Amino acid sequence: MLTLSAVFLFGLFCFAHANCTNPAVRREWRTLSTDERANWISAIQCLSELPHDPALTPYVNPDDIVSVNASGSYYDDIVYMHMDLNHIIHFTGLFLPFHRWYVQMYENALKEKCGFNGTSPYWNWAADAPDVYESTMFQDFNPVSGLGGWGNLSDDAQVPNGAFSDFQLSYPSYHTLRRNFTLQPYIGLDPTLFTNPYEDANATFTQSEVDKMVNGFVGDYKGFQVYMEGFEGAHGSVHEILGGDLGGTCPSTAPANCTPGPTFSANEPIFWMHHAMVDKVWYDWQTANSANAGIFYGGSVQMIDNATIYAEYPNGGPPMLSLDSVMHADGMFEESTVGDVINTTAGILCYIYE
């Protein structure tokens, strides 16, 4: 039985939906035409050729990342946002709303600065879970419309072909985009947090796992987020199985104090399709049951120092966040609140998924 608050929130969700009368439709990458793929890729390359925006103003300034590189590109600036905000957008309540907002801001930049005329595509990694290495995603070597294949560790895992074979990046040091298939990425990591280190990463993002997320956790935002974002959950496993930049491994050119992790994972253009898929699963969960519509819960402080504190605060400790909590933009975009993006067809958003 729904509580009065759940009914009220669902009513708000439905009312807001009416204010977005012609939502854009986000589609899976492989349903796009060659021209549509080329348009998205060309706009990304355009962003990477635009100069650094001096408006970039780090909000967190953590000590585990390099300073802003003013000789980098506008694309690098967007990546740097993710680096700077890392500790407040992962394993906190902001994980899902921030990345939903981030993908939309990125799409806006592609359109406003580089003539992109489509919508953000997503990668349905659940369809590829049985054999990621042989996925058609990584077998399109077209220099204009293809994502390219897997790199080789003998060449620092640089993407060898496709449209991103010479995609230059500034963080954590100047290098070419890297991608390295890594089936078991959790071996050797903290066993108190990675409790099944020998599990193949692709076992965590199968269609059955997606179905479990979408159809489960009714009225339980925290449970849904934790299952998606947990240390061996679907979100992290997709990052890690691609290795290289998406996996947050330091390039050979990086300084000795380079800290691996999720900070510079937005270097990889597939990052945006991966997080659009994460967003799609959240969207599907939100619309699967009225008890899920418009709900939000989480803390603002990352609590992952050890398994005990993580078990108590898996999606952030106090101070607690709310729909009115502001998501920082490091001077790159207008700041928004969680409530602005809790619904994909209200607030500042107007899109759905096919």
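One can find the structure itself at the top, above this paragraph.
Counting starts from 1 at the beginning of each chain's written sequence and moves along it residue by residue. In view of the model being predicted, local features appear only for residues whose pLDDT reaches at least 70, and side-chain atom pairs are presented and counted only at 80 or more, with totals across whole chains, interfaces and linings using the full set of residues. Excluding hydrogens and water, the side-chain figures rest on all heavy atoms present in the structure.

Another point: the packing of aromatic side chains. Stacked, edge-to-face and tilted are the three classes for Phe, Tyr and Trp ring pairs, Trp counted by its six-membered ring, which pair at centre distances within 6.5 Å; planes under 30 degrees apart are stacked, over 60 edge-to-face, the rest tilted. Summed over all chains, the structure comprises 31 aromatic pairs. Between tyrosine 221 and tryptophan 285 the ring centres are 6.5 Å apart and the planes differ by 65°, which places this aromatic pair in the edge-to-face class. Highlighted residues: tyrosine 221 in helix H7 (residues 221-229) and tryptophan 285 in helix H9 (residues 270-288), separated in sequence by 64 residues. Under the scheme applied here, a residue whose accessible area is under 20% of the maximum for its type counts as buried, over 50% as exposed, and between as partly exposed, the area being computed with a 1.4 Å probe on protein chains only. Judged by relative accessible area, tryptophan 285 falls into the buried class, the value being 0%. Here the aromatic cluster, defined as three or more aromatic residues joined through ring pairs, consists of Tyr75, Phe98, Trp101, Tyr102, Tyr106, Phe164, Phe167, Phe271, Trp272 and Phe333. A cation over a ring is seen here: arginine 100 above tryptophan 282, with NZ or CZ 3.7 Å from the ring centre. Its guanidinium or amino end placed over the ring of tyrosine 74, lysine 113 lies 4.7 Å from that ring's centre, counting from NZ or CZ. Runs of E in the DSSP output that reach at least two residues are strands. Runs of H or I that reach at least four are helices, and both are numbered from the N terminus. Only Lys NZ and Arg CZ are tested; either one counts as a charge over a ring when it is within 6 Å of the ring centre and within 35 degrees of the ring normal.

Right, let's talk about the side chain of glutamine 225 for a bit. Following the sequence through the fold, glutamine 225 ends up in helix H7. Two N or O atoms count as a polar contact when they lie within 3.5 Å, although within protein this holds only if one can serve as hydrogen donor and the other as acceptor, and sequence-adjacent residues are included solely when both atoms are side-chain atoms. There is a polar contact of 3.2 Å between the side chain of glutamine 225 and the side chain of asparagine 315. Only heavy atoms enter the contact rule, under which two residues are in contact if any of them lie within 4.5 Å. When sequence neighbours within four positions are dropped, the list of residues in contact with glutamine 225 reads Thr92, Gly93, Phe95, Leu96, Gly230, Tyr297 and Asn315.

Right, let's talk about the state of the cysteines for a bit. For this text, the term disulfide refers to a pair of cysteine sulfurs within 2.5 Å. In this structure the tally under the stated criterion is three disulfides. Here cysteine 46 is linked by a disulfide to cysteine 114, with a sulfur-sulfur distance of 2.0 Å. Judged by the sign of its S-S torsion, about -75°, the cystine formed by cysteine 46 and cysteine 114 is left-handed. Here cysteine 46 is found in helix H2 (residues 34-47), whereas its partner cysteine 114 is found in helix H4 (residues 95-114), with 68 residues between them in sequence. Here cysteine 250 connects covalently by a disulfide to cysteine 258, the sulfurs 2.1 Å from one another. With the S-S bond torsion at -90°, the cross-link from cysteine 250 to cysteine 258 turns out left-handed. Accessibility expressed as a relative area gives 27% for cysteine 250, which makes it partly exposed.

For the peptide bond that leads from tyrosine 171 to proline 172, omega is 0°, which places it in the cis range. Each neighbour pair has its own omega, and for proline 318 with proline 319 the value is 5°, a cis peptide bond. As for its position among the elements, proline 319 is in strand E5 (residues 317-320). The phi dihedral of phenylalanine 217 falls on the positive side, at around 55°, and the residue is not glycine. Taking relative accessible area as the criterion, phenylalanine 217 reaches 24% and is therefore assigned partly exposed.

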